[in-house]
Amino acid sequence: MASFRDLLRQKDFWILLFFLGWVLLNWPLLSLTNDIILLDMPAILIYVSAVWLILILLMYLFDRGSSD
């Protein structure tokens, strides 16, 4: 767990999160979910919501880890 805390304390982690979000929410990956229905909803809504939630949780953990 110490290595995870060391990662969260690095300032470059914000840049990594930005590029991760940019890649995951970019057109080529979003187009993979066209015309797919999961749980009576378009798959793009599920995909975008899941990526958004994961990025928010990572930002929360980073902010919490760097404020110690």
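Small disclaimer: the values here were computed from a predicted structure and weren't measured.

Quick notes on the rules
- Residues numbered from 1 in each chain as written.
- Predicted model: local features only at pLDDT ≥ 70, side-chain atom pairs only at ≥ 80, totals over all residues.
- Heavy atoms only, no water.
- Helix = DSSP H or I, 4+ residues; strand = E, 2+ residues; numbered from the N terminus.
- Contact = heavy atoms within 4.5 Å.
- Core = buried A, V, L, I, M, F, W, Y, C linked by side-chain atoms within 4.5 Å.
- Buried < 20%, exposed > 50% of the residue type's maximum accessible area, 1.4 Å probe, protein only.
- Polar contact = N/O pair within 3.5 Å; in protein donor to acceptor, adjacent residues only side chain to side chain.

## Describing the environment of Leu58
And then number 1: Turning to its location among the elements, Leu58 is positioned in helix 4 (residues 43-66).
And then number 2: Spatially, the C-alpha atoms of Leu58 and Leu17 are 7.8 Å apart, while their sequence positions differ by 41 residues.
And then number 3: Filtering out sequence-adjacent residues up to four positions away, Leu58 remains in contact with Phe13, Leu17 and Leu20.

## Considerations on the nonpolar core
And then number 1: Formed by Phe13, Leu17, Val51, Leu55 and Phe62, the largest nonpolar core amounts to five residues.
And then number 2: Residue assignment for this core shows that the elements contributing at least two residues are helix 2 (12-24) and helix 4.
And then number 3: Tallying contributions element by element places helix 4 first for this core, with three residues.

## Quick notes on the side chain of Thr33
And then number 1: Among the structural elements, Thr33 can be located in the loop between helix 3 (27-30) and strand 1 (37-38).
And then number 2: Here the side chain of Thr33 touches Leu30 through a polar contact of 2.8 Å, landing on its backbone oxygen.
And then number 3: Setting aside chain neighbours within four positions, we find Thr33 in contact with Ala43, Ile44 and Tyr47.

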